[in-house]
Amino acid sequence: MNALVAFSIVALVVVGTILFALFSLRRFPSDPQQYLVGGRSFGTILLWVLLAGEIYTSFTFLGAAGWAYGYGAPAFYILAYGTCGYVIGYFLLPAVWRVANERRLLTGPDFFLDRYGSRALAIGIALLQFAALVPYVTLQLSGLQTILRIIGYGGVDSTLAVTIAFVAIVLFVFTAGLRGTAWASVVKDLLVLGAVVFAGIVIPTQFFGSPAAMFDQLLRTHPSMLSLAPGTAPRGTVWFVTTVLMTGIGFYMNPASMNATYSARSENVLRRNAMLLPLYQLVMLLVFMAGFAALLIAPGLHGAAVDQSFLLVVQRYYPPWVMGVVAAAGALAALVPSSALLLGAAGVFAKNVLGDGLGIATSERGRMRAMRVLVLVVGALSLAFWAIERDKTIVELLLLYYNGITQLAPGMIAAFVLPRATAGSVAAGIAAGLAVVVYLVLTGAPFFGINPGFAGLVANVAVLLLFSRPSGSSAAT
Amino acid sequence: MRSWRVAVAAIPVCALSVAVPFVNRVEPRVLGLPFLLFWILLWVLLTPPCLWLVGRLERRW
């Protein structure tokens, strides 16, 4: 009975959101510009919900609470890196948009193709983004399963439920494109806001009297949890600083963010968004508080189970309809960003790999059809990947993803500040960065507490600068 | 002019990254929050005014 109530609410909300988004579209997209970048017509508000919609995922919902629960202060990096990402975006995105608008670019790799004139580089970047996105979608599916398993109260096949929900969202993107995702984000953002205010303020107040009293109790029971370990310790201060910088720089490097950037109506829309988006980070503060409250109320979770932390509290102490609403918010937080990610991955593969690389589907209609088919393919791939899922927490998977995707940032920034950068030097930089990341992650070598992605970024920039020297310069002087 | 606006934008970034080891403490508590969390929250909230100021310096609005 409990499961029935909760499941009905989730199903109702997901179906309602999809219908709302479909009805909000004036017409279905019919060409790649409309489908992938919304016809470059989004104003400040729609872009705000779209960006917030794809950045604040089920990771926001479960992973951040899980890290607060499991580690404490290291989770605060999430609050910091997004904000740094927005500041960098204030300068970078309008510049990228200007090029994209003039040259009618469709995807992130198109930008590299346009600036560096190398098809091979653009294809390589497209493949890298594609490879990084599939696990990222998988991450959302794991998050969704965590939610659906809890609201099943042990009696429902969560794998089947996840598959049904995901197929629904794949078909939705197939039909509606980026504008559909933006409208679905409106519902998602409102519901998530409600859920985190409940979880981060109402729960601590009901159990401890006030959020401040909750921190008092937390400091008594876990005195070292609310500050970072010093220096080079695992998840210590060095890790914190390098992780914030690395993930902040990589913040906008995935194809979905590029599509969102291109969809802006003007440069100033992007600047206003960079200015306003940090306010959305307040949601993260509430999520941390939910995680801390869960630690005091329901201690004893370990490993990947920490991602369930505050949902278990809701399940145990609140009626099924509350559980249903919170779970619905979480489900949308997994599904709506997935729709943007699927679209981003399908876009880079159709345009840069199939179109530019192999000469397939280069007409407008052909490209449109290829993108739609690829949405289905990427969806199927993600489901397959998810079926062989490993036991990592959501944040750990997210950090792995950032390690790779951030390596694209130096090449993109160099396009504006380093005129002598070439396709070769950008490619060499990316290769060096990835090599360092793969080595450090695979060997698990402790590297003075420095985040592997940050070390990769340093190598990347060094190689980029080194190889960007014009070869004849020493002879000329 | 250009260096000014980059400097203004760099303030929150530095406060949220390289400054963190220096504010890595629980006391004093502010608004019930441990100091580190309060510091990070403070700079998250100050980022919009900083970027607004950058926009003014650039004469964007």
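All figures in this text were calculated on a predicted structure; none of them were measured in a lab.

**Quick notes on the confidence of the model for chain A**
All names here are of chain A.
- Scored by pLDDT, chain A has a mean of 85; 96% of the residues are at 70 or more.
- Between the elements of chain A, mean pLDDT differs from a low of 40, seen in helix H21 (residues 473-476), to a high of 92, seen in helix H5 (residues 77-103).
- Here residues 472-477 scores under 50 on pLDDT; set against residues more than four positions off or in separate chains, the count is zero contacts.

**What to know about the interface of chain B and chain A**
- Counting residues at the interface gives 26 residues for chain B and 30 residues for chain A.
- Elements with a minimum of two residues in the side of chain B that touches chain A: helix H1 (2-16) and helix H2 (35-57) of chain B.
- Looking at the side of chain B that touches chain A, the element that brings in the most residues is H2(B), giving eleven residues.
- Here the side of chain B that touches chain A is built from residues that sort into 19 nonpolar, five polar and two charged.

**Digging into unusual backbone geometry**
- Residue B:Pro28 follows B:Glu27 across a cis peptide bond; omega there is -5°.
- Tracing the chain through its elements places B:Pro28 in the loop between H1 and H2.
- Unusually for a residue other than glycine, A:Arg40 sits at a positive phi of about 50°.
- Mapped onto the secondary structure, A:Arg40 falls in the loop between helix H2 (32-37) and helix H3 (44-55).
- Positive phi outside glycine occurs at B:Leu31, with the angle close to 55°.
- Positionally, B:Leu31 belongs in the loop between H1 and H2.
- Of the residues examined, B:Leu31 has 10 C-beta atoms within 10 Å and is grouped as exposed.

**A closer look at the packing of helix H8 (residues 158-208) of chain A against helix H13 (residues 282-297) of chain A**
All names here are of chain A.
- Between H8 and H13, the shortest axis-to-axis distance is 8 Å and the interhelical angle comes to 40°. Between H8 and H13, the angle falls in the class oblique. As H8 packs across H13, the resulting crossing turns out to be left-handed. Along its contact with H8, which presents Val 192, Leu 193, Val 196, Val 197, Ala 199, Gly 200, Ile 201, Ile 203, Pro 204 and Phe 207, the element H13 presents Val 283, Leu 286, Val 287, Met 289, Ala 290, Ala 293 and Ile 297.

**Section: H5(A)**
Residue and element names in this part refer to chain A.
- Between its first and last C-alpha atoms H5 spans 37 Å; for 27 residues at 1.5 Å apiece the expected length is 39 Å, and the two agree.
- If you look at H5, its biggest bend is around 45°, right at Gly 89.
- Counting buried residues along H5, 19 of its 27 residues qualify, which places the element largely inside the surrounding structure.
- Phi for Arg 104, located one or two positions after H5, is positive at around 55°.

Scoring rules and cut-offs
- Residues numbered from 1 in each chain as written.
- Chains lettered and ligands numbered in written order.
- Predicted model: local features only at pLDDT ≥ 70, side-chain atom pairs only at ≥ 80, totals over all residues.
- pLDDT = per-residue confidence, 0-100.
- Helix = DSSP H or I, 4+ residues; strand = E, 2+ residues; numbered from the N terminus.
- Contact = placed C-beta atoms within 7 Å.
- Nonpolar A, V, L, I, M, F, W, Y, C, P; charged D, E, K, R; others polar.
- Buried ≥ 20, exposed ≤ 12 C-beta atoms within 10 Å, placed from the backbone.
- Axes fitted to C-alpha atoms, helices over the stretch in contact; angles between N-to-C directions.
- Parallel < 35°, antiparallel > 145°, perpendicular 65-115°, else oblique.
- Left-handed = near helix turned anticlockwise from the far one by under 90°.
- Expected span 1.5 Å × (residues − 1).
- Bend = angle between axes of the 7 residues up to and from the residue.

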